[in-house]
Amino acid sequence: MIELKETIALLDTDEQLAFKRHLEELNRRSDTKNTDLFQMLCKGKTEGLDIALYGKPNKNALYVLSNRIQHRLIDFIATQSFSKETSADMNCLKLLLASRIFFEQKKIKLGFKTLEKALSAATQIEAYSILNEIYQTYLQYAHLQKRRSLQSLLNEAQSNNELYLQELKITTLYAQFQGKNSSAAKIRFDQQLATAMEAASLKLDHHLSYKSLFQLLSLATEYAQKNQAFFEILEFCQQIKSLIISKPELQGRYALYRMRSLHLIALSLFRNKQLRECQDTVSLLNEDLNSYSSYKALLRDKVALLQSLLYFYGGAPQKATNLLDKQPKTDLHAQLTLCMYYFHQGNFDKVSQLMRALNHSDAWYEKKMGWSWVVQKNIIEILLLIERDKLDLVLLRLNRFRRQYKSILKQKQQQRVVAFLKIVDTYYQNPRVLQDKVFVDSISSQLTQKNPLEEDIFTMSFYAWLKSKITGETLYQTTLDLVGTHGN
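Predicted model, so just to flag it, every value in this text is computed and none were measured.

*Asks:* Tell me what's going on with the overall build of the chain, and back it up with residues and numbers.
*Replies:* A tally of regular secondary structure across the chain gives 25 helices and zero strands. On the principal axes, the C-alpha backbone points of the chain span a range of 90 × 65 × 35 Å. Out of the 488 residues in the chain, the part that is buried amounts to 46%. Looking at the chain alone, contacts between residues at least 24 apart form 63% of all its contacts between residues at least 6 apart. Put simply, the chain has 65 plus and 50 minus side-chain charges, and the middle of one group is 3 Å from the middle of the other.

*Asks:* Requested: an account of the packing of aromatic side chains, with residues and values cited.
*Replies:* Counted according to the given criterion, the structure contains 20 aromatic pairs. A centroid spacing of 4.3 Å and a plane angle of 15° characterise the contact between phenylalanine 312 and tyrosine 341, whose relative ring orientation is stacked. With a gap of 29 residues between them, phenylalanine 312 in helix α15 (residues 296–313) and tyrosine 341 in helix α17 (residues 332–344) connect regions that are remote in the sequence. Phenylalanine 312 gets classed as buried once you look at its relative accessible area, which sits at 0%. Between the aromatic rings of tyrosine 427 and tryptophan 465, the centroid separation amounts to 5.8 Å while the plane-to-plane angle is 85°, which identifies the pairing as edge-to-face. In this pair, tyrosine 427 sits in helix α22 (residues 415–429) while tryptophan 465 sits in helix α24 (residues 457–471), placing the two residues 38 residues apart along the sequence. Counting every residue linked through ring pairs, the aromatic cluster contains Phe270, Phe312, Tyr313, Tyr341, Phe458 and Tyr476. Of note, lysine 247 hangs over the ring of tyrosine 210, and the distance from its end group to the ring centre comes to 5.3 Å.

*Asks:* Lay out the packing of helix α18 (residues 348–357) against helix α20 (residues 371–387) in plain terms, naming residues and giving numbers.
*Replies:* The interhelical angle for the contact between α18 and α20, taken along N-to-C directions, is 140°, at an axis separation of 11 Å. On the basis of the axis angle, α18 is oblique to α20. Seen along the crossing, α18 lies across α20 with a hand that is left-handed. Of the residues in α20, those in contact with Phe348, Val351, Ser352 and Met355 of α18 are Lys377, Ile380, Glu381, Leu384 and Glu387. Split by residue class, the contact of α18 with α20 holds five nonpolar, one polar and three charged.

*Asks:* Account for the pattern of salt bridges, naming residues and giving values.
*Replies:* Counted under the stated rule, the structure contains 18 salt bridges. Between glutamate 24 and lysine 20 there is a salt bridge whose closest N-O contact spans 2.7 Å. Here glutamate 24 and its partner lysine 20 are both found in helix α2 (residues 13–26), four residues apart, which amounts to about one turn of the helix. Among the ionic pairs, lysine 247 bridges to glutamate 126, the shortest N-O distance being 2.6 Å. With lysine 247 in the loop between α12 (234–246) and α13 (252–271) and glutamate 126 in the loop between α7 (108–124) and α8 (128–140), this pair connects stretches of sequence that are 121 residues apart. The network of salt bridges with shared partners includes Glu116, Arg147, Arg148 and Glu156.

*Asks:* Explain the packing of α2 against helix α3 (residues 34–42) residue by residue, including any values.
*Replies:* Between α2 and α3, the least distance of the axes is 9 Å, while the angle of their chain directions is 165°. When the interaxial angle is binned, α2 and α3 end up roughly antiparallel. When you trace α2 past α3, the crossing you get is right-handed. Contacts between α2 and α3 involve Gln16, Phe19, Lys20, Leu23 and Glu24 from the former and Asn34, Thr35, Phe38, Gln39 and Cys42 from the latter. Along the lines of polarity and charge, the residues of the contact of α2 with α3 split into four nonpolar, four polar and two charged.

*Asks:* Explain the nonpolar core to me, and be specific about the residues and the numbers.
*Replies:* Grouped together as the largest cluster of nonpolar side chains are 136 residues, with contacts concentrated most on Phe270, Tyr313, Phe420 and Trp465. The biggest single contributor to this core is α13, with twelve residues. When sequence neighbours within four positions are dropped, the list of residues in contact with tryptophan 465 reads Phe343, Leu383, Ile386, Glu387, Phe420, Val424, Tyr427 and Leu475. By size, the runner-up hydrophobic cluster in this structure holds 16 residues, among which are Leu11, Leu23, Met40 and Leu53.

*Asks:* Which residues make up the state of the cysteines, and what values go with them?
*Replies:* Taken as a whole and assessed by the stated rule, the structure comprises zero disulfides. Unpaired in terms of disulfides, cysteine 237 finds its nearest cysteine sulfur in cysteine 278, a separation of 11 Å.

*Asks:* Mind laying out the side chain of arginine 148, listing which residues take part and the relevant values?
*Replies:* Within the element layout of this structure, arginine 148 appears in the loop between α8 and α9 (150–178). Polar side-chain contacts of arginine 148 include one of 3.3 Å to the side chain of tyrosine 138. Within the structure, arginine 148 has its side chain in polar contact with the side chain of glutamate 156 (distance 2.8 Å). Not counting residues up to four positions away in its chain, the partners in contact with arginine 148 are Glu116, Leu119, Tyr138, Leu153 and Glu156.

*Asks:* Any chance you could break down the confidence of the model for the chain for me, citing the residues and the numbers?
*Replies:* Model confidence for the chain is summarised by a mean pLDDT of 87, while 94% of its residues fall at 70 or above. Summarising per-element confidence for the chain, the mean pLDDT is lowest in helix α1 (residues 2–8) (77) and highest in helix α16 (residues 317–325) (96).

*Asks:* I'd like a description of empty space enclosed by the protein, backed by residues and values.
*Replies:* Unoccupied space between atoms shows up once a probe the size of one water molecule is rolled over them. In this structure the tally under the stated criterion is two cavities of 30 Å³ or more. Space inside the second largest cavity adds up to approximately 50 Å³. Lining the second largest cavity, in full, are Phe401, Arg402, Tyr405, Lys406, Leu409, Val418, Leu421 and Lys422. Looking at which element gives the most residues to the lining of the second largest cavity, the answer is helix α21 (residues 391–411), with five residues. Class assignment for the residues of the lining of the second largest cavity results in five nonpolar, no polar and three charged.

*Asks:* Let's hear about the side chain of lysine 241: which residues, and what values?
*Replies:* Here lysine 241 is to be found in helix α12. You can call lysine 241 buried: its relative accessible area is 9%. Residues within four places of lysine 241 in sequence aside, it is in contact with Ile265, Glu277, Asp280, Thr281 and Leu284.

*Asks:* Account for unusual backbone geometry, with residues named and values stated.
*Replies:* For lysine 106, which is not glycine, the phi torsion reads 65° and is therefore positive. By the element assignment, lysine 106 lies in the loop between α6 (87–104) and α7. Given a relative accessible area of 68%, lysine 106 falls into the exposed group.

*Asks:* How would you sum up the environment of leucine 96? Please name residues and give values.
*Replies:* For leucine 96, the location among the structural elements is in helix α6. Since its relative accessible area comes to 3%, leucine 96 is described here as buried. Discounting chain neighbours no more than four positions away, the residues touching leucine 96 are Leu115, Ala118, Glu133, Ile134 and Thr137.

Analysis parameters
Per chain, residues are indexed from 1 in the order of the written sequence. In keeping with the model being predicted, local features are shown solely for residues with a pLDDT of at least 70 and side-chain atom pairs are shown and tallied solely at 80 or more, while totals for entire chains, interfaces and linings include all residues. Note: side-chain values were computed over all heavy atoms of the structure, leaving out hydrogens and water. Helix and strand assignments come from DSSP, with helices taken as H or I runs of at least 4 residues and strands as E runs of at least 2, each series counted from the N terminus. The cut-offs for exposure are 20% and 50% of the maximum accessible area for each residue type, with area from a 1.4 Å probe on protein chains only; residues under the lower value are buried, those over the upper are exposed, and the others partly exposed. Should any heavy atoms of two residues lie within 4.5 Å, those residues are counted as being in contact. Within this scheme the basic residues Lys and Arg register as positive and the acidic residues Asp and Glu register as negative, but His and the chain ends are omitted. Taken as the charge location is NZ of Lys, CZ of Arg, CG of Asp or CD of Glu. Ring geometry is summarised as follows: Phe, Tyr and Trp rings, the Trp one being its six-membered ring, pair when their centres sit within 6.5 Å, and such pairs are stacked at plane angles under 30 degrees, edge-to-face over 60 and tilted between the two. In our convention, an over-ring charge means Lys NZ or Arg CZ found within 6 Å of a ring centre and within 35 degrees of that ring's normal. Fitted lines through C-alpha atoms give the axes, limited to the stretch in contact for helices. The angle between two N-to-C directions lies from 0 to 180 degrees. We call two directions roughly parallel when the angle between them is under 35 degrees, roughly antiparallel when it is over 145, roughly perpendicular when it lies between 65 and 115, and oblique otherwise. Here a crossing is called left-handed whenever its near helix is offset anticlockwise from the far helix by less than a right angle, and right-handed whenever the offset is clockwise. Basically, the charged four are Asp, Glu, Lys and Arg, the nonpolar ten are Ala, Val, Leu, Ile, Met, Phe, Trp, Tyr, Cys and Pro, and anything else, Gly included, counts as polar. Throughout this description, the term salt bridge denotes a Lys or Arg side-chain nitrogen within 4 Å of a carboxyl oxygen of Asp or Glu. Think of a nonpolar core as a cluster: buried Ala, Val, Leu, Ile, Met, Phe, Trp, Tyr and Cys residues, connected wherever their side-chain atoms sit within 4.5 Å. When two cysteine sulfur atoms lie within 2.5 Å, the pair is treated as a disulfide. As used in this structure description, the phrase polar contact means that two N or O atoms lie within 3.5 Å; if the pair is within protein, one of them must be able to donate a hydrogen and the other to accept it, and residues adjacent in sequence are counted only when both atoms belong to side chains. Confidence per residue, as judged by the predictor, is encoded in pLDDT with a range of 0 to 100. Definitions used throughout: a 1 Å grid over protein atoms alone; a cavity as a set of points that fits a 1.4 Å probe which cannot get out; a pocket as an open set with protein on both sides within 12 Å along at least five of seven lines; a lining residue as one with an atom within 4 Å of a point. Grid points are joined across faces, edges and corners, and a volume is the space filled by probe spheres set on the points.

Spelled out as C-alpha cells, the structure:
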C-alpha cells in the first residue's frame, strides 16, 4: 500500500483522471472496486479502507486489490512515459522512412523535401544516431539533387559521426567512473574527470549533447554526495550551466535531460551557499517545467524542496515551512527538512511530533534513503533530547549512534561528524566547558574547513548549533549569519 501511495503521488491531476478512465476501460464488471480505492488514495484517505470498500474488515482483499492497481499503474506510467519520450525520435524516424518510400516511388522532389524536414528535426534534438541514418540516405540519393554538394554532405556526415562517437565516449566514461570506487580516491573529482576526458580526447564544450552533460553532472553530484565535497564540483557545474544556457531548448526526453541537469546544478550551488545563483537556476528550471508540464510530476518534489531551502536560508522561514507542508507525508526528504526548520526556530514540540511519524527502523530508512539521511535524522534526534535535557536518553542515543555509525563514518572520511558528537557529549555533561577559550578554539579547528567558502551549507548548519551556545544568539540567526558571511 505504501508503494501504491508513493506511485500515485507521482501523478498530477490530469494523469490521475486519465488513469481512472484507463481502469474503467479495463473493468469487465460494474462492481469492481479498483476505481473507488484509487480515488480514496488520491484524496489522501489511508485509514479504514477495507471497511469503506467491503463494509467490513478485509485486509486480504484490500492487499490483493492494491497490488492489482499498483501493477496497472506501473504499466500506465511506462506507456505514458514511452509515448512522451519517444515522440520526437519517432517523428524523425517517420519522416526518414517516408522520404525513403518517396525515393523508391521516384518522387524525388518530395523525397528530398521530407528528408530535409527529418534532418532539421533530428538536429534540433541532437539525435546523432538518427542523423547518421539520415545522412546515409542523403548520400545514397545525392546525385539526384543540386542543392547540396557531395563534399558538403560528406563533411556534415563526418561532423555528425564525430558527435555520435563523442556521445558514445561520454557514455563509456560514465560507465567507467560508475565502476570504480571514487570515494576511495584521494584525487579531486574535477582533476579525475579532466584527466579522463583528455585521455578520451573529449572537451567540455557546446558540442556535448544534453544527454552527455547530464551524465557528467550525475557523476559529479554522486561523487560530491558520497564524499561531502560539493565545493570540488562547483566550478564544473557552473561551466555546464553556461553551456546549457547557450544551447537551444529541446523537446521530449531531451528537454528532460536539460531540466534534470539544471536541478543538479542548482543543488550544487545551494550546497555551496551560492543562493542567488541557485535561485536563478531554479527559476530557469521552473520556466522549463511550465513549458513541458508533462514532466512536472517527475521533478516537482525536488524543485519544491530546493525552493523551500532557498526561502529558509534566505530568511523567510514561514514561506519555507508553508511550501513543504503541502508535500505528501511520504516525501521523507521534506519531512526531515521540516524537522530541521522547526528545530532551528526552537519549536521542539513540532520537531517531536514530526519525528514520531518517522517510526521505521534506521535499517529501513538507510535502505530507502541512504546512510547520510539516517545520520542527519539521528543527529537531530540527539540534539532534540539535549534541548529537552533528557540525560539518560542522550547518553543512550550517543552510545548507540557511535556503535552503529562510527566505523562507516570513518570509512567514508566523515570524521567531523564523529568529532561533532564527541564535542556535543562533552558540552552536555559540562556546559561550562564553552567558557574555556582553548576548548572553543578546538571546536572551530575540528569542525570547520580552513576555507569557510568550501564549507557545505548543511555542515555549517550543525556547527551553528554549537556556535549559538557559545554566543547566546538564536540558532536560526547564527545559521543565517554564517551562511551570509561565507556565501551570497
